[in-house]
Amino acid sequence: MRLTMYTDFSLRILLYLGTKERDELATIQEIATAYNISKNHLMKVAHELRQAGYIEAVRGRSGGIKLARDPEDINIGAVVRQMEDDFHLVECFNRENNTCPIASVCGLRGVLGKALHAYLQVLDAYTLKDMLGNAADLRMLLR
């Protein structure tokens, strides 16, 4: 399973905000600089994170973004499910576009389905708080 950059950036934003004090704001530019990634990409990701209720945005000159929930209330598996556009590991996972001639008898689909389920189950066992056990080290690296 490979996560998209979109999901990767989503998790990075949440990690960055998780290293801040509860009401401390961060700007998209600040986060983009810390990770050396595109501000434009992060703006799109932050917008969806806000719509999903993971972050809050404060407008204005001294505005920015912050976590909308406590880190222990942000489940990593839920974030990944929200941010990924599909989980079609192979063509036959997409019933609408499947043209594989052996799909009706192939055992691979079931095995890969179990693997995907196990992958998501592991992610479901962790929260953002779990990922912030080394918050001081993260803060130091993200300066």
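Note that the structure is predicted; figures quoted are calculated from it, not measured.

Focus: the overall build of the protein
Assigned secondary structure in the protein consists of 7 helices and 2 strands. Listing each helix as α and each strand as β along the protein from the N terminus yields α-α-α-β-β-α-α-α-α. Per-residue burial for the protein yields a buried fraction of 34% across its 143 residues. In the protein, of all internal contacts separated by at least 6 residues, the share reaching a separation of at least 24 is 63%. Summing over all exposed atoms, the protein offers an accessible surface of approximately 9,100 Å²; the carbon and sulfur share of this is 51%. Each charge class in the protein was averaged separately, 18 positive and 18 negative side chains, and the resulting centres sit 3 Å apart.

Comments concerning the pairing of strand S1 (residues 55-58)
With 4 bridges joining them, S1 and strand S2 (residues 64-67) adopt antiparallel strand pairing. Bridging from a neighbouring strand, Glu56 pairs with Lys66 of S2.

A short note on the environment of Arg139
Mapped onto the elements of the fold, Arg139 is located in helix H7 (residues 135-141). On the basis of relative accessible area, Arg139 is assigned to the partly exposed category, the value being 37%. Sequence separation of Arg139 and Leu67 is 72 residues, and the distance between their C-alpha atoms is 16 Å.

Here we look at the packing of helix H1 (residues 5-18) against helix H2 (residues 28-35)
Put simply, H1 and H2 touch, their axes get as near as 11 Å, and they point 105 degrees apart. For the element pair H1 / H2, the angle class is roughly perpendicular. Every residue of H2 that contacts H1 at Arg12, Ile13, Leu15, Tyr16 and Leu17 is listed here: Glu30, Ile31, Ala34 and Tyr35. A breakdown of the residues in the contact of H1 with H2 according to their chemical character gives 7 nonpolar, no polar and 2 charged.

Focus on unusual backbone geometry
We note that Asn36 has phi near 60 degrees; this positive angle belongs to a residue other than glycine. With respect to the secondary-structure elements, Asn36 resides in the loop between H2 and helix H3 (39-51).

Regarding the environment of Thr19
Mapped onto the secondary structure, Thr19 falls in the loop between H1 and H2. Residues Thr19 and Pro71, spaced 52 residues apart in sequence, show a C-alpha to C-alpha distance of 9.8 Å. Those residues within four positions of Thr19 in sequence are excluded, and the remaining contacts are Leu132, Ala135, Leu138 and Arg139. Separated by 2.6 Å, the side chain of Thr19 and the backbone oxygen of Tyr16 make a polar contact.

Quick look at H3
Along an α-helix, a turn takes 3.6 residues, which lines up residues three or four apart on a common side. Here H3 contains 13 residues, and its C-alpha end-to-end distance of 18 Å stays within 8% of the 18 Å for a straight helix at 1.5 Å per residue. Among the residues of H3, Leu42, Val45, Ala46 and Leu49 are the ones counted as buried. Across the axial projection of H3, the buried residues extend over an arc of 105 degrees, all falling on one side. H3 presents Asn40, Lys44 and Gln51 as exposed residues on the side facing more than 90 degrees away from its buried surface. The opening residue of H3, the one whose side-chain oxygen lies 3.2 Å from the backbone nitrogen of Asn40, is Ser38. Taken from the residues just after H3, Gly53 is the one with a positive phi, measuring 85 degrees.

Observations regarding the pattern of salt bridges
The final tally for this structure, using the stated rule, is 7 salt bridges. A salt bridge links Asp8 to Arg12, with the nearest nitrogen and oxygen atoms 3.1 Å apart. Highlighted residues: Asp8 and Arg12, both in helix H1, separated by 4 residues, approximately one helical turn. Classification of Asp8 as partly exposed rests on a relative accessible area of 29%. Under the relative-accessibility criterion, Arg12 is labelled partly exposed at 24%. Across the pair Asp23 and Lys66 runs a salt bridge, and its minimum N-O distance is 3.2 Å. Of this pair, Asp23 sits in the loop between H1 and H2 while Lys66 is found in strand S2, placing the two residues 43 residues apart along the sequence.

Each value, and the rule that gives it
- Residues numbered from 1 in each chain as written.
- Predicted model: local features only at pLDDT ≥ 70, side-chain atom pairs only at ≥ 80, totals over all residues.
- Heavy atoms only, no water.
- Helix = DSSP H or I, 4+ residues; strand = E, 2+ residues; numbered from the N terminus.
- Buried < 20%, exposed > 50% of the residue type's maximum accessible area, 1.4 Å probe, protein only.
- Contact = heavy atoms within 4.5 Å.
- Areas by Shrake-Rupley, 256 points an atom, 1.4 Å probe, with all protein chains shown as cover.
- Lys, Arg positive; Asp, Glu negative; His and termini not counted.
- Charge placed at Lys NZ, Arg CZ, Asp CG, Glu CD.
- Pairing = 2+ DSSP bridges.
- Axes fitted to C-alpha atoms, helices over the stretch in contact; angles between N-to-C directions.
- Parallel < 35°, antiparallel > 145°, perpendicular 65-115°, else oblique.
- Nonpolar A, V, L, I, M, F, W, Y, C, P; charged D, E, K, R; others polar.
- Polar contact = N/O pair within 3.5 Å; in protein donor to acceptor, adjacent residues only side chain to side chain.
- Expected span 1.5 Å × (residues − 1).
- Arc of directions from axis to C-beta.
- Salt bridge = Lys/Arg side-chain N within 4 Å of Asp/Glu carboxyl O.

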